[in-house]
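Structural features, examined
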Amino acid sequence: MSRFNTESHLRYKTMTLTGQGEITAVPDIAVIRLGVETTGDNLMAIQAENAQLSQSVLHVLKRLGIADLKTYQYVIEKRYDYENGTQVDKGYAVRNILEIRLDNMEQVGMVIDTAVANGANIVEFISFEVSELGAYYQQALNLAVMSAMDKAKSLAELLGLPLNPFPVHIIENSTPPIPYSQNTLSRERTFVTPIEPGNKLIEAFVTIDFNY
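Residues numbered from 1 in each chain as written. Predicted model: local features only at pLDDT ≥ 70, side-chain atom pairs only at ≥ 80, totals over all residues. Heavy atoms only, no water.

1. Things to note about the packing of aromatic side chains
The way to describe two aromatic rings as a pair is by their centre distance and the angle between their planes. Enumeration over the complete set of coordinates arrives at 0 aromatic pairs. The aromatic ring of Y72 is capped on one face by R33, whose charged end is 3.7 Å from the ring centroid. (Phe/Tyr/Trp six-rings, centres within 6.5 Å; stacked < 30°, edge-to-face > 60°. Lys NZ or Arg CZ within 6 Å of the ring centre and 35° of its normal.)

In structure tokens, the structure reads:
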């Protein structure tokens, strides 16, 4: 986008240009939420079953050396279904979800497989985070400003204007990205190991007024 202001009463002429910058970052933190769901008619029995399975999952995760984990959610729900338009009592569901943070991407698939093998039957999602996201965004923002400045210099040269247009007003048109990209998984074991985090594209956009 460009805009020229050439009113004779202004001391300077103005051009307004946009710039875009982008940086590709590799996620270095994985957040996994997984756990155990038990169902049945006897609430005390399925709570006990859930506690036993959850303890098994927790134990094996600690044996893997995972220290950064916590209970994310513990829910007891009444379950209903409808048959021929009539509400039917389906008992209870007890869900216990753990949150695990890993700084080794190579462990993600192994951690999930191990947890499932030891009783976990819910893998709610995996998120891949970039720990220094703010620094990457600042780099992208700097590139966006440089992009707009390169445009200004190129146009100045093309139009025979002074070759050093200077910015007088900068608008940041983007906001820092959220710290993670989420992959939602089903409650059954449908994932494929290994799990690849991929790359995260971080973009920034600016609009700058240049005087020349």
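Back to the write-up after that little detour.
2. Some details on the side chain of N211
Tracing the backbone shows N211 in strand β9 (residues 200-211). For N211, a relative accessible area of 12% corresponds to the buried category. A distance of 3.0 Å separates polar atoms of two side chains, one belonging to N211 and the other to T14. (Helix = DSSP H or I, 4+ residues; strand = E, 2+ residues; numbered from the N terminus. Buried < 20%, exposed > 50% of the residue type's maximum accessible area, 1.4 Å probe, protein only. Polar contact = N/O pair within 3.5 Å; in protein donor to acceptor, adjacent residues only side chain to side chain.)

3. With respect to the environment of E37
Secondary-structure assignment places E37 in strand β3 (residues 29-40). Residues E37 and I97, spaced 60 residues apart in sequence, show a C-alpha to C-alpha distance of 8.5 Å. Here the side chain of E37 touches R95 through a polar contact of 2.8 Å, side chain to side chain.

4. Here we look at the pattern of salt bridges
Applying the stated criterion to the full structure yields 8 salt bridges. The salt bridge partner of D68 is R101, with a shortest N-O separation of 3.9 Å. Of the two residues, D68 is situated in the loop between α1 (43-63) and β4 (69-83) and R101 in strand β5 (residues 86-102); the sequence distance between them amounts to 33 residues. Exposure remark for D68: the relative accessible area of 42% places this residue in the partly exposed category. The exposure class assigned to R101 is partly exposed, which follows from its relative accessible area of 31%. Of the charged contacts, one joins K90 and E83 as a salt bridge, the two residues approaching to 3.5 Å between their closest N and O atoms. (Salt bridge = Lys/Arg side-chain N within 4 Å of Asp/Glu carboxyl O.)

5. Some thoughts on the nonpolar core
Counting residues in each nonpolar core, the largest one holds 22 residues, and the members touching the most others are I32, L34, V57, L61, I100, L102 and I112. Mapped by element, the contributors of at least two residues to this core are β3, α1, β5, α2 (108-117) and β6 (122-129). In terms of residue count, α2 provides more of this core than any other element does, 5 residues in total. Residues contacting L34, with those up to four places away along its chain left out, are V57, N96, I97, L98, I100, I112, A115, A120, I122 and V123. V130, A148, A152 and F210 belong to the second largest nonpolar core, which has 18 residues in total. (Core = buried A, V, L, I, M, F, W, Y, C linked by side-chain atoms within 4.5 Å. Contact = heavy atoms within 4.5 Å.)

6. Side note on the environment of I76
Position of I76 among the secondary structure elements: in strand β4. Note on I76: relative accessible area 40%, which makes it partly exposed. The contact partners of I76, leaving out residues within four places of it in the chain, are L43, Q47, A93 and V94.

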